[in-house]
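Structure at a glance
The residues making up each chain are set out below.
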Amino acid sequence: VEQILFGTGIENREAIEVDTVFLSDVGKVYCWTLITGAESETIISFVWYHQDKEIARVEVPVRSVRWRTWSYKTIMPEWTGNWKVEILDEAGKVLESAIFRLQ
């Protein structure tokens, strides 16, 4: 995982309105990643945590040596606090993680 960004949307395969702090009425938060070095097609998982509790797990394909991909979570206004997203490989190993805050 070369890069992880959080934003409010995706345009032209890039995260927009990138930040690490969002207001509780944001609606959706996107986790965008740049994956490099995959030797063959594989699957990664985005695991979303709110206050250390797993909320969602999304599997997405990685189809080339340099691949941009993302997942998003619809955020309820009462889900304020700390969030973390872990990026896992097919074996379940954490490749990278990043945090954002909902206030």
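Okay, so let's go over this structure.

Parameters and conventions
Residues numbered from 1 in each chain as written. Predicted model: local features only at pLDDT ≥ 70, side-chain atom pairs only at ≥ 80, totals over all residues. Heavy atoms only, no water. Helix = DSSP H or I, 4+ residues; strand = E, 2+ residues; numbered from the N terminus. Rg over C-alpha atoms; globule rule 2.2 N^0.38 Å. Buried < 20%, exposed > 50% of the residue type's maximum accessible area, 1.4 Å probe, protein only. Contact = heavy atoms within 4.5 Å. Areas by Shrake-Rupley, 256 points an atom, 1.4 Å probe, with all protein chains shown as cover. Lys, Arg positive; Asp, Glu negative; His and termini not counted. Charge placed at Lys NZ, Arg CZ, Asp CG, Glu CD. Phe/Tyr/Trp six-rings, centres within 6.5 Å; stacked < 30°, edge-to-face > 60°.

Attention now moves to the overall build of the chain. The helix and strand tally for the chain stands at zero helices and ten strands. Going from the N terminus to the C terminus, the chain shows its helices and strands as β-β-β-β-β-β-β-β-β-β. Taken over the C-alpha trace, the chain has a radius of gyration of 13 Å; the compact-globule value for 103 residues is 13 Å, and the two agree within 12%. For the chain, the spread of C-alpha atoms along the three principal axes comes to 40 × 30 × 15 Å. Classification of the 103 residues of the chain by burial places 36% in the buried group. Relative to all contacts within the chain whose residues are 6 or more apart in sequence, the contacts with residues 24 or more apart total 56%. Summing over all exposed atoms, the chain offers an accessible surface of approximately 6000 Å²; the carbon and sulfur share of this is 45%. The averaged location of the 16 negative side-chain charges in the chain is 2 Å from the averaged location of its 11 positive side-chain charges.

Before going further, it helps to spend a moment on the side chain of threonine 69. Positionally, threonine 69 belongs in strand 8 (residues 66–74). Among the residues examined, threonine 69 registers a relative accessible area of 9% and is labelled buried. When near neighbours in sequence (up to four residues on either side) are disregarded, threonine 69 contacts Cys31, Trp32, Thr33, Ile44, Phe46, Val60 and Pro61.

Scanning the model with the defined rule gives six aromatic pairs in all. Ring plane angle 55° and centroid distance 4.7 Å describe the contact between phenylalanine 6 and phenylalanine 100, whose orientation is recorded as tilted. Placement of the pair is phenylalanine 6 in strand 1 (residues 3–7) and phenylalanine 100 in strand 10 (residues 94–102), with a sequence separation of 94 residues. For the pair shown, phenylalanine 6 and phenylalanine 100 are each scored as buried. An angle of 80° between the planes, with centres 5.8 Å apart, marks the rings of phenylalanine 22 and phenylalanine 100 as edge-to-face. Of the two residues, phenylalanine 22 is situated in strand 4 (residues 21–22) and phenylalanine 100 in strand 10; the sequence distance between them amounts to 78 residues. The buried category is assigned to phenylalanine 22, whose relative accessible area is 5%.

A positive phi angle, near 65°, is found at arginine 13, a position not held by glycine. Inspection of the secondary structure assignment puts arginine 13 in the loop between strand 2 (9–11) and strand 3 (14–16). Assessed through its relative accessible area of 35%, arginine 13 is described here as partly exposed. In this model, aspartate 52 sits at a positive phi of 70°, which is unusual for a non-glycine residue. Of note, aspartate 52 is situated in the loop between strand 6 (42–50) and strand 7 (53–62). The exposure class of aspartate 52 is exposed, given its relative accessible area of 72%.

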